[in-house]
Amino acid sequence: EYDIVRPKGKTVSFHANPEMEKHHFGQTHPMKPWRLTLTKSLVTSYGMTFAMDNYTTRTATYEELNSFHASDYLDYLATAPPEDQPRDVDNPDKEVKFNLGGSDCPLFHGLYDYCSMSAGSSLDAARKICNQQSDIAIAWGGGLHHAKRSEASGFCYINDIVLGILQLLRCYPRVLYIDIDVHHGDGVEEAFFSTDRVMTVSFHKYQPEVFFPGTGGLDDNGPKSEHNQGAHHAINVPLNDGITDEQYGWLFESIIGKTNESFRPSVIALQCGADSLAGDRLGRFNLQVQGHGACVNFCKSLGIPMVIFGGGGYTPRNVARAWAYETAIAIGCQSKIPEVIPAHAPWREHFIHDTIFPTLEQILGEPRANRNTQKRLQEIVMHVHEQLRFVGH
Ligand code: VJV
Ligand code: CA
Ligand code: ZN
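Not measured: the values here are computed from a predicted model.

Asker: Lay out the sheet that holds strand β6 (residues 234-239) with the relevant residues and their values.
Answerer: If you walk across this open sheet you meet the eight strands as β2-β1-β3-β8-β7-β4-β5-β6, and the pairing is parallel. Of all strands in the sheet, those bounded by a partner on one side alone are β2 (53-56) and β6. Adjacent strand axes in the sheet meet at a mean angle of 15° when their direction is disregarded. With four bridges joining them, strand β7 (residues 267-271) and strand β8 (residues 306-309) adopt parallel strand pairing. By the bridge assignment, Leu270 is partnered in β8 with Ile308. Strand contacts of helix α6 (residues 160-169): β4 (175-179), β5 (198-205), β7 and β8, with the helix running at about 160° to β4, the strand carrying the most contacts. In the packing of helix α9 (residues 289-301) onto the sheet, contacts are made with β3 (136-139), β4, β7 and β8, and the angle to β8 comes to roughly 165°.

Below, the structure is given as structure tokens:
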């Protein structure tokens, strides 16, 4: 029925744990782990599993989590009572200290398992790239870029990306981290702030005081001291509401193309948060599936091994569309997947349009006014190119 075959040479691996998807942050919380089920369902229905190596990932061990996170934080994460249980009277200040139990980062049932599974899939993906057993390794359950060493933040408890990059640094000299989630990748930037072995680039909506997390201005490029090795190794692309596929694609290629030339990464870690799509419950951009996917395609075209992580994405049907399409791009079968969502796809009724690429009349979401002027985008590119003059290997 399908014409999707294993591409010669390139190996793609897909890392997931279906147990992860059964966890709930709470009834109306925007983060819905079952968007991963929806994604996998589309990937399977389009016949893509036959063109990849599929792995059910193990849970990361305490020691693995401990390679970035502090022990006291992990210990509390593992033992904190879920919200519907009596408060932990012995540790009244720990929830505050670790930012656990608020509305963004609730203490739900099975939280520690959920975190270990997300981290386990990202670590497995990174190892597959280290061993050179894959050219592209996909971990849609990862991408939780806000978590800090000793603090949960913005729906993220364990920073699986930092763990994955630490693994990559054991085998590769330089890692380029790229983050297309609508939010600033603050946790990853902070973790590698003082090293020139990791270059971080985040594209995000930037409006401090109004939009989370409020960091990631154009002038935030790493430590200010030239003596610090991390100087100039953080790039931030602050954007306004309503950016389009065309503008984003131009920015992405100008910035990542030039970064690739200057930094010469040995491997790419790409966070593909789908909250930068139009119609996202929390996002503000106008990207369509094609525009989001074009970023993945551009990275692939650089011919460097790559780990692909998930991230945000709060309109599940659109998250699944984008991540299924991007899985196809990784395999190289995007021109062969039928536009129409297969009739036998379970969950088909979740898709308000029958196609993976809604047409002009039925785009992903009500478009927002575009507040990004061409002049400002040009200034951003100029600033980034200026920064990159300090970077060279
Ligand atoms: O803006 C914030 C922080 C507040 C305090 C908590 N309230 C609920 C919101 C304002 C200052 N947090 C952001 C966090 C966004 C995290 C994005 C994560 C990622 O995509 O980058 C990577 C996975 C925020 N924006 C919207 C909400 N929180 C939000 C949280 C809810 C909610 C509605 C909106 C939590 C629970 C419920 N509704 C029921
Ligand atoms: Ca981002
Ligand atoms: Zn986000």
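Asker: Give me the lowdown on the coordination of the zinc ion (ligand 3), citing residues and values where you can.
Answerer: Within the protein, Asp181 (OD), His183 (ND1) and Asp275 (OD) serve as the donor atoms for the zinc ion (ligand 3), at 1.9 to 2.0 Å. Mapped onto the polypeptide sequence, the residues donating to the zinc ion (ligand 3) form the spacing pattern D-x1-H-x91-D. The exposure class assigned to Asp181 is buried, which follows from its relative accessible area of 1%.

Asker: Give me the site of ligand 1: which residues, what numbers.
Answerer: Lining the immediate surroundings of ligand 1 are 18 residues, of which Asp104, His145, His146, Asp275 and Tyr314 lie closest. Contact between ligand 1 and Asp104: a nitrogen atom at 2.6 Å from a side-chain N or O atom of the residue. Between an oxygen atom of ligand 1 and a side-chain N or O atom of His183, the distance comes to 3.1 Å. Contact with the protein chains covers 67% of the free accessible surface of ligand 1, which is 790 Å². In the shell around ligand 1, the residues fall into six nonpolar, nine polar and three charged.

Asker: How would you explain the coordination of the calcium ion (ligand 2) if you had to name every residue and give the values?
Answerer: The coordination sphere of the calcium ion (ligand 2), as far as protein atoms go, consists of Asp179 (O), Asp179 (OD), Asp181 (O), His183 (O), Ser202 (OG) and Phe203 (O), spread over 2.4 to 3.0 Å. Taken together, the six donor atoms coordinating the calcium ion (ligand 2) and their angles of 69 to 166° define a geometry best described as irregular. Expressed as a motif, the donor residue spacing for the calcium ion (ligand 2) is D-x1-D-x1-H-x18-S-F. Residue classification places Asp179 among the buried positions, given a relative accessible area of 0%.

Asker: Describe the environment of Gly216, listing the residues and the values that go with them.
Answerer: Residue placement: Gly216 occurs in the loop between β5 and β6. Considered as a pair, Gly216 and Asn236 are 20 residues apart in the sequence and their alpha carbons are 5.5 Å apart. When sequence neighbours within four positions are dropped, the list of residues in contact with Gly216 reads His184, His204, Tyr206, Asn236 and Pro238.

About the criteria used
Residues numbered from 1 in each chain as written. Chains lettered and ligands numbered in written order. Predicted model: local features only at pLDDT ≥ 70, side-chain atom pairs only at ≥ 80, totals over all residues. Heavy atoms only, no water. Pairing = 2+ DSSP bridges. Helix = DSSP H or I, 4+ residues; strand = E, 2+ residues; numbered from the N terminus. Axes fitted to C-alpha atoms, helices over the stretch in contact; angles between N-to-C directions. Contact = heavy atoms within 4.5 Å. Donors = N, O, S within 2.8 Å, 3.2 Å for Na, K, Ca; no water. Buried < 20%, exposed > 50% of the residue type's maximum accessible area, 1.4 Å probe, protein only. Near = heavy atom within 4 Å. Polar contact = N/O pair within 3.5 Å; in protein donor to acceptor, adjacent residues only side chain to side chain. Areas by Shrake-Rupley, 256 points an atom, 1.4 Å probe, with all protein chains shown as cover. Nonpolar A, V, L, I, M, F, W, Y, C, P; charged D, E, K, R; others polar. Tetrahedral: all angles 85-135°; square planar, octahedral: opposite > 155°, others 65-115°.

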